[in-house]
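# Notes for the structure review
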Amino acid sequence: MGNNNNGFSEAGLRRLREVLARHVDSGKIPGVVALVSRGDETHVEAIGTMRHDGGAAMSRDTIFRMASTSKPVSMAAAMVLLDECRLRLDDPVDQWLPELADRQVLKRIDGPLDDTVPARRPITVRDVLTSTFGLGMDMTALGSPIMGAIFEQGLTPNLPEPMPEPDEWMRRLGALPLMHQPGERWQYHISNDLLGVLVARVTGQSFETFLRERIFDPLGMKDTAFHVPDDKIDRLPTLYAPDPQTGEFLVWDEAKGGRWSRPPAFQGGGGGLVSTADDYHAYFRMLLNGGTHGNQRILSRPAVELMTTNQLTPEQNAARTALARDSVHISHGQGQHGGWGFGMAVRTYRGDYAPIGQFGWDGGSGTSTYADPANQITGILLTQVGASVPDPVQLMHDFWTTLYQAID
């Protein structure tokens, strides 16, 4: 573990451990697993416990609910289909997703659901991959009729109404108007779940089966799936969403008998995966390696370059910019990245210690996963505390701030 030129300084790694331990010692973060790699050097820290009141220790093979960090990984399925010319970026999706043909679009984002105009053009594959197809989680439009309908219909995860199986989910989605014209603006999340339905219909396989055959198995991601089987459930911690007022550790999901203890009706590319630090490391290293893993090619180099390059115009990106700059009190300062590629943020300006070109995403269950081509760095930070409180997000910031100082 010497001071070789392609790794981290020993003093820097010591500080990284101290910063992580400080968060755990504060009592706000029960446990954390962190993995950092640069060149051939990989360093892992596992600190704290699986439960807030003790229990088993966190370990390198602890399985976490990846939440929105599912997005950059599940996107790889679409890139395989682009590579094989089974999808084309500017083909309309109607042939696979007929429920989304002939869309109506709201005249006003907060207007009644029947006050619409026809869509100017069909939804394309590109719209789905860039999160600009016209529907999404819009935190600035909470309380509007369309957001109410999205929640009532069970179109998003983690609500009292469970998500239905894919064909029924599509039927309900198709009954709603779009919030914006196709391609007009970036909107969060729903496109990533839609992507899974698209992949399944193009391939004739379940989304998980296709991901497993083309991405997970070739990369050795043996613990990555849409649920945790019985023989691994002891490796899944309790997930907490602490009370924002009191900080009390409220259970959001118990491991045994919880939401991830059995196969879901809907395999959600937006937030459904469980995984480990090493599995995610294999995936992000593959992206840094231009699509290869050992002597295997998983994705073409142009596919990787495309998905990790900003795809959005300033107009399309206006909502993300507003979220980063004007909603820090809601997002706990989740971070300013600038751009968005396919399923992940891409840094287009230097807003913190990470350089332009870094790509990845964060999850509301306390996960943060990025890779940085300029420095050949991967960082994976995993906890079991949801972002109902600032603590996990502040931990993420401190992790990245310290990691970048540890570069030799």
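Here's what I pulled together on the structure shown here.

## Thoughts on the pairing of strand S15 (residues 367-372)
- Here S15 lies mainly inside the structure; six of its six residues are buried.
- Of the two faces of S15, the one lined by Thr367, Thr369 and Ala371 and the one lined by Ser368, Tyr370 and Asp372 are each fully buried.
- As judged from the five bridges shared by strand S14 (residues 359-363) and S15, these two strands associate in the antiparallel manner. For Phe359, the partnering residue across the bridge sits in S15 and is Ala371.
- Linking two consecutive strands that pair antiparallel, namely S14 and S15, is a turn of three residues; a positive phi of about 95 degrees is found at Gly366 within it.
- Relative to strand S16 (residues 377-383), S15 runs antiparallel, the two being bridged by six bridges. By the bridge assignment, Ala371 is partnered in S16 with Thr378.
- In this structure, the hairpin formed by S15 and S16 is closed by a connection of four residues, where Gln376 is found at a positive phi of approximately 55 degrees.

## Comments concerning the nonpolar core
- Counting 79 residues, the largest nonpolar core has Trp169, Tyr283, Leu287 and Leu299 as the members making the most contacts within it.
- No other element matches the nine residues that helix H2 (residues 70-83) contributes to this core.
- Ignoring any residue separated from it by four or fewer positions in sequence, one finds Trp169 in contact with Gly154, Leu155, Met163, Pro164, Ile190, Asp193, Leu194, Val197 and Phe266.
- Met137, Phe249, Trp361 and Ile377 belong to the second largest nonpolar core, which has 33 residues in total.

## Some thoughts on the packing of H2 against helix H6 (residues 190-203)
- Remark: H2 packs on H6, axes separated minimally by 10 Å, with the N-to-C direction vectors making an angle of 35 degrees. In this structure, H2 crosses over H6, and the sense of that crossing is left-handed. Every residue of H6 that contacts H2 at Lys71, Ser74, Met75, Ala77, Ala78 and Leu81 is listed here: Asn192, Leu195, Val199, Val202 and Thr203.
- Split by residue class, the contact of H2 with H6 holds seven nonpolar, three polar and one charged.

Scoring rules and cut-offs
- Residues numbered from 1 in each chain as written.
- Predicted model: local features only at pLDDT ≥ 70, side-chain atom pairs only at ≥ 80, totals over all residues.
- Heavy atoms only, no water.
- Buried < 20%, exposed > 50% of the residue type's maximum accessible area, 1.4 Å probe, protein only.
- Helix = DSSP H or I, 4+ residues; strand = E, 2+ residues; numbered from the N terminus.
- Pairing = 2+ DSSP bridges.
- Core = buried A, V, L, I, M, F, W, Y, C linked by side-chain atoms within 4.5 Å.
- Contact = heavy atoms within 4.5 Å.
- Axes fitted to C-alpha atoms, helices over the stretch in contact; angles between N-to-C directions.
- Left-handed = near helix turned anticlockwise from the far one by under 90°.
- Nonpolar A, V, L, I, M, F, W, Y, C, P; charged D, E, K, R; others polar.

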